[in-house]
Amino acid sequence: MKKKASDMKEKNIISLSEKAREYAYWKHNRPSESQRYGSAPYSAHLENVVDVIKRYINLLDAECHEDVIAAGYLHDSVEDTDTTPEMLKSIFNLRIAELVLRVSNERGWDKKEILFKTLPKIWQNKQATFLKLCDRIANGSNSRKGDSDRAKALYKRYSGEYPIFRYALKVEGEFNDMWNELDAIFDFEYPD
């Protein structure tokens, strides 16, 4: 006999994405300045990314939806907290750990080197590319409409990186609506 959703809630069974959300909030919503998203707690960014994921999730196979949403909450946890890929694998699963690891920035001397080291590992995995596009849509939209000097500087950086980002990750016929949204965010016109 199938259990009703209300029966599952009563037994404190939560979905993988809800578990990821709780974990990410716990790791990111600290009082330090590095765990802020402008004037909001860092969880605001995580929710923005997951909102974008949910808008476009049907571009991916249904069997990976829950893992991709969970990875959306966790996408900055290896890069910005003491969380390791091994921890994510043991708490969640290998796919989530791999997605988070693939979108985590590599180390480098400057933003350009970091970009050139990070983009190839994202491109190798369709779901990681999807996740990174969602992250960039959220970051680009937020920084574009921001009034602070930091928001303006971030938008300028993202705009400057965008042609390389697009060249490295765009696969013809894949995620076209997402690329169109990014092109609009960054006022990008593809040369004919």
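Keep in mind that this is a model prediction, so the values were computed, not measured.

## Some points on helix H8 (residues 111-123)
Then comes step 1: Compared with the 18 Å implied by 1.5 Å per residue over 13 residues, the 18 Å span of H8 between its first and last C-alpha is a close match.
Then comes step 2: Every buried residue of H8 is listed here: Ile-114, Leu-115, Thr-118, Leu-119, Lys-121 and Ile-122.
Then comes step 3: Turning to H8, the residues buried within the fold contact helix H7 (94-103), helix H9 (126-145) and helix H10 (149-169).
Then comes step 4: You can read the cap of H8 off the contacts: a side-chain oxygen lies 3.2 Å from the backbone nitrogen of Lys-112, and it is on Asp-110.

## Looking at the confidence of the model for the protein
Then comes step 1: Averaged over every residue, the pLDDT of the protein is 89; residues scoring 70 or more account for 86%.
Then comes step 2: Ignoring residues within four places in sequence, the model shows residues 5-11, a span with pLDDT below 50, making four contacts including any to other chains.

## Points about the pattern of salt bridges
Then comes step 1: A full pass over the atoms with the stated rule returns 13 salt bridges.
Then comes step 2: Of the charged contacts in the structure, one is a salt bridge between Glu-47 and Arg-21, with a shortest N-O distance of 2.6 Å. Here Arg-21 lies in helix H2 (residues 16-28) and Glu-47 lies in helix H3 (residues 43-56), a separation of 26 residues in the sequence.
Then comes step 3: A residue is classified by how much of its surface remains accessible, and Arg-21, at 35% relative accessible area, is partly exposed.
Then comes step 4: Across the salt bridge formed by Glu-181 and Arg-55, the nearest N and O atoms sit 3.0 Å from each other. Separated by 126 residues along the polypeptide, Glu-181 in helix H11 (residues 176-185) and Arg-55 in helix H3 bring together distant segments of the chain.
Then comes step 5: On the accessibility criterion, Glu-181 (19% relative accessible area) is buried.
Then comes step 6: Residues participating in the shared-partner salt-bridge network are Glu-63, Asp-67 and Arg-95.

## So, H11
Given 3.6 residues per turn, any residue in an α-helix points the same way as the ones three and four places further on.
Then comes step 1: Buried within H11 we find Met-178, Trp-179, Glu-181, Leu-182, Asp-183 and Ile-185.
Then comes step 2: Residues of H11 that are buried in the fold lie against H3, H9 and H10.
Then comes step 3: Two residues or fewer past H11, Asp-187 is found with a positive phi of approximately 50°.

## Structural notes on the packing of H2 against helix H4 (residues 65-74)
A pair of packed helices is captured by two measures, namely the crossing angle of their axes and the spacing between those axes.
Then comes step 1: Where H2 meets H4, the closest approach of the two axes is 8 Å, and the angle between their N-to-C directions is 5°. Here H2 lies roughly parallel to H4, going by the angle between them. Packed against H2, whose contacting residues are Leu-16, Ser-17, Ala-20, Arg-21, Tyr-23 and Ala-24, the element H4 presents Glu-66, Asp-67, Ile-69, Ala-70, Tyr-73 and Leu-74 at the interface.
Then comes step 2: When its residues are assigned to classes, the contact of H2 with H4 shows eight nonpolar, one polar and three charged.

## Some details on the packing of aromatic side chains
Then comes step 1: For the structure shown, the criterion picks out nine aromatic pairs.
Then comes step 2: Cluster of aromatic residues (ring-pair linked, three or more members): Tyr-155, Tyr-162, Phe-165, Trp-179, Phe-186 and Phe-188.
Then comes step 3: Above the plane of the ring of Phe-165 lies Arg-136, whose end atom (NZ or CZ) is 4.6 Å from the centre.

## Considerations on unusual backbone geometry
Then comes step 1: In the Ramachandran plot, Phe-175 falls in the positive-phi region, its phi being about 60° despite a non-glycine side chain.
Then comes step 2: Considering the arrangement of structural elements, one finds Phe-175 in the loop between H10 and H11.
Then comes step 3: Classification of Phe-175 by relative accessible area gives buried; the value is 6%.
Then comes step 4: If you check the backbone angles, Asp-187 has positive phi at about 50° while not being a glycine.
Then comes step 5: Considering the arrangement of structural elements, one finds Asp-187 in the segment after H11.
Then comes step 6: Given the relative accessible area of 54%, Asp-187 is considered exposed.

Reading the values: the criteria
Residues numbered from 1 in each chain as written. Predicted model: local features only at pLDDT ≥ 70, side-chain atom pairs only at ≥ 80, totals over all residues. Heavy atoms only, no water. Helix = DSSP H or I, 4+ residues; strand = E, 2+ residues; numbered from the N terminus. Expected span 1.5 Å × (residues − 1). Buried < 20%, exposed > 50% of the residue type's maximum accessible area, 1.4 Å probe, protein only. Contact = heavy atoms within 4.5 Å. Polar contact = N/O pair within 3.5 Å; in protein donor to acceptor, adjacent residues only side chain to side chain. pLDDT = per-residue confidence, 0-100. Salt bridge = Lys/Arg side-chain N within 4 Å of Asp/Glu carboxyl O. Axes fitted to C-alpha atoms, helices over the stretch in contact; angles between N-to-C directions. Parallel < 35°, antiparallel > 145°, perpendicular 65-115°, else oblique. Nonpolar A, V, L, I, M, F, W, Y, C, P; charged D, E, K, R; others polar. Phe/Tyr/Trp six-rings, centres within 6.5 Å; stacked < 30°, edge-to-face > 60°. Lys NZ or Arg CZ within 6 Å of the ring centre and 35° of its normal.

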